[in-house]
Amino acid sequence: MTGQKSEGDRKHPVDETLPPLKMFTSGLQHVAAMYAGVVAPPMIVGPACGLNATETAFLMGASLFTAGIATLLQTLGFWKVGAKLPFVNGVSFAGVTPMVAIGKAQSPGDALPIIFGAVIVAGVLGFLVAPYFSKLVRFFPPVVTGTVITLIGVSLLPVAFNWSQGGNDRAPDYGSLTNIGMAALTFLIVLVLRRVLRGFLQQIAILLGLIAGTLIAIPVGITHFSALSEASLVGFPTPFHFGAPQFDIAAIVSMCIVMLVCMTESTADMLALGRIVGRPADERTIEGGLRADTLGTAISPLFNGFANSAFAQNIGLVAMTKVRSRFVVATGGLILIVLGLCPVAASVISLVPLPVLGGAGIVLFGSVAASGIQTLASAAMEKGDNALIVAAAVGIGLIPIAAPDFYHHLPKDLLVVLDSGISTGCLVAIVLNLAFNHFGRKTEEGDAADEDTADGTAAAAHGAPGTSPQPDPGTTDDAGAPAAAPAH
């Protein structure tokens, strides 16, 4: 009885606090992994809205600041807000295309206020529908989540490949032997460090690899210090710096669609992360996570930021390091806020060359795809219907990656969804799962039994009310580990 009490009183790894040094370095590693993804959207949207280099840099700092706020809402939470998982939030790439379109269609002085007004409305509406949207979790059994997690990893890999080549396809050294060589060297350093180090040092192998790659890149000549010398010590993202928000119907509709896309991707990300950390995301968790996403989005324009959603690349970092504490990611959120308030500190992080970040990114994003494959291993793939669902969803989801111009003749409003392989693959997987496993005709009693078993397994994995997972001996959980052990 004493042993059982001790076991019951033990904190879940997600809720554990770590020593200060480990907390800081692990949080910094999360920031390093997602930094480029946070500053990239404002780097694209700013010039499209007529901003000069100084104003664009201000927009980048604001994005870091608001990403930190959204991350704290997600990891620490309050009331019914926050998934309370090690979940990093930042500027969503899904909104870049419509925001650029808005920027080009409006005068420079009105573009950002119209974008901010649309983002506020989209965030508020998303917050209101989050409780209803979260009920869709029952339509995400392992065959769907495994497919989507795999697509998340595969969709992120081209980002790492682009970084490995230099990040700017118009630069003369894009794809040069130097850039690719630095990416390959960083990739090897990370693998070697993961293999030879033990304990805490092994867990921060990505951070150590980034530091080593950056130091090696200095004599190579691709580490630039100009941003550090030009940055000011203190800078606060003044509320409504670019003007009071304006509300345009067309822009609002576009950003509401973006919000739904972000909520779909965040739902899949929460399910993926829940499996990795051994705390499956149930309906309540997803509702809280979506509320954090949408509240962070609604608040973000106040400080000149954009729509925020989950950053899938950090899920790969959690899977690799096995550091599952949400307080580590909350520390990363605090670091992001400091970076947003201190341009000099932000510039230190920006010293990491994109090829170095790309080499580490290949490992990170590949880890996400590997987690998806592990989830699919528990999805009863011996059933022909499930294999067909995966085949069709992955095939459709890969279209924007393999053929980026495939949909270029379709209306631009549809591209918000179609250009996201994660969204299209997720929708296809959900619809086909409904068609084959819920509404499909059962021709044999064995098929019906299989379906009931699959549905019960999915419900247990997702923590459905009144259901507790009781795996058979020898089975494996969604992460591929023995069912009795927590998933990583």
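Parameters at a glance
- Residue positions within a chain follow its written sequence, with the count starting from 1.
- Owing to the predicted nature of the model, reporting of local features is limited to residues with pLDDT of at least 70; listing and counting of side-chain atom pairs is limited to 80 or more, with chain, interface and lining totals taken over all residues.
- Only hydrogens and water are set aside; all other atoms, that is, all heavy atoms of the structure, feed into the side-chain values.
- By definition, any uninterrupted DSSP run of H or I lasting at least four residues is a helix, any uninterrupted run of E lasting at least two residues is a strand, and each is numbered from the N terminus.
- The contact definition used throughout considers only heavy atoms, calling two residues in contact when any of these lie within 4.5 Å.
- The predictor attaches a confidence to each residue, and that confidence, scored 0 to 100, is pLDDT.
- Criterion for a salt bridge: a side-chain nitrogen of Lys or Arg within 4 Å of a carboxyl oxygen of Asp or Glu.
- Buried means the residue's accessible area, taken with a 1.4 Å probe over protein chains only, is under 20% of the maximum for its type, while exposed means over 50%, and partly exposed covers the values in between.
- Fitting a line to C-alpha atoms yields each axis, with helices limited to the stretch in contact; the angle taken between N-to-C directions then spans 0 to 180 degrees.
- The labels follow the angle: roughly parallel below 35 degrees, roughly antiparallel above 145, roughly perpendicular from 65 to 115, and oblique for the rest.
- Working definition: rings of Phe, Tyr and Trp (its six-membered ring) pair if their centres are within 6.5 Å, and the pair is stacked with planes under 30 degrees apart, edge-to-face with planes over 60 apart, and tilted otherwise.

Trainee: Mind showing me how you'd approach the overall build of the chain here?
Mentor: Along the chain, the regular secondary structure elements total 21 helices and two strands. The long-range fraction of contacts in the chain, counting pairs at least 24 apart against all pairs at least 6 apart in sequence, stands at 82%.

Trainee: Help me out: how do you make sense of the confidence of the model for the chain in this one?
Mentor: Any region with low pLDDT has predicted coordinates that should not be read closely. Looking at the chain, the pLDDT average stands at 78 and 83% of residues meet or exceed 70. This model gives residues 1-7 a pLDDT under 50, and the stretch forms zero contacts once residues within four places in sequence are excluded. This stretch, residues 443-488, has a pLDDT under 50; its non-local contacts, to residues over four places away or in other chains, come to 62 contacts.

Trainee: What exactly am I supposed to notice about the pattern of salt bridges here?
Mentor: As a working rule, side chains carrying opposite charge can pair if their charged atoms are close by. Applying the stated rule across the entire model yields four salt bridges. In this structure, Asp15 and Arg279 form a salt bridge, with 2.5 Å as the shortest nitrogen-oxygen distance. Here Arg279 lies in the loop between helix H11 (249-277) and helix H12 (283-299) and Asp15 lies in the loop between helix H1 (2-9) and helix H2 (20-48), a separation of 264 residues in the sequence. A salt bridge links Glu283 to Lys135, with the shortest nitrogen-to-oxygen separation between them at 3.2 Å.

Trainee: Just checking my understanding: could you explain the environment of Phe242 for this structure?
Mentor: Its location among the elements puts Phe242 in the loop between helix H10 (226-230) and H11. Under the relative-accessibility criterion, Phe242 is labelled buried at 15%. Placed 131 residues apart in sequence, Phe242 and Ala111 show a C-alpha to C-alpha distance of 9.3 Å. For Phe242, the residues in contact, after removing those within four places along its chain, are Leu51, Glu55, Phe58, Leu59, Gly109, Leu112, Pro113, Phe116 and Asn304.

Trainee: Is there a simple way to think about the side chain of Thr147 in this case?
Mentor: If you trace the backbone, Thr147 turns up in helix H6 (residues 142-165). For Thr147, a relative accessible area of 0% translates into the label buried. In this structure, Thr147 is in contact with Pro142, Leu376, Val390, Ala393 and Val394, ignoring residues within four places of it in sequence.

Trainee: I tried to follow the packing of H6 against H11 on my own but got confused; where do I start?
Mentor: Between two packed helices, the angle of one axis relative to the other and the distance separating the axes together describe the packing. Packing of H6 against H11 leaves a shortest axis separation of 9 Å and a crossing angle of 100°. Classed by the angle they form, the pair H6 and H11 counts as roughly perpendicular. Across from Pro142, Thr145, Val148, Ile149 and Ile152 in H6, the residues of H11 making contact are Ala268, Asp269, Leu271, Ala272 and Arg275.

Trainee: Looking at this structure, I do not really get the environment of Ile222. What am I missing?
Mentor: Relative to the helices and strands, Ile222 is located in the loop between helix H9 (205-220) and H10. Taking the C-alpha atoms as reference, Ile222 lies 6.5 Å from Pro353; in sequence the two are 131 residues apart. Beyond its immediate stretch of four places on either side in the chain, Ile222 contacts Thr178, Asn179, Met182, Ala217, Pro353 and Pro355.

Trainee: Would you mind showing me how to read the packing of aromatic side chains here?
Mentor: Two numbers describe a pair of aromatic rings. These are the distance of the centres and the angle of the planes. Counted according to the given criterion, the structure contains four aromatic pairs. Seen in terms of ring centroids, Phe65 and Phe303 are 5.2 Å apart; in terms of plane orientation they differ by 70°. Their pairing is edge-to-face. Here Phe65 is found in helix H3 (residues 53-75), whereas its partner Phe303 is found in the loop between H12 and strand S2 (308-310), with 238 residues between them in sequence. On the accessibility criterion, Phe65 (7% relative accessible area) is buried. On the accessibility criterion, Phe303 (15% relative accessible area) is buried.

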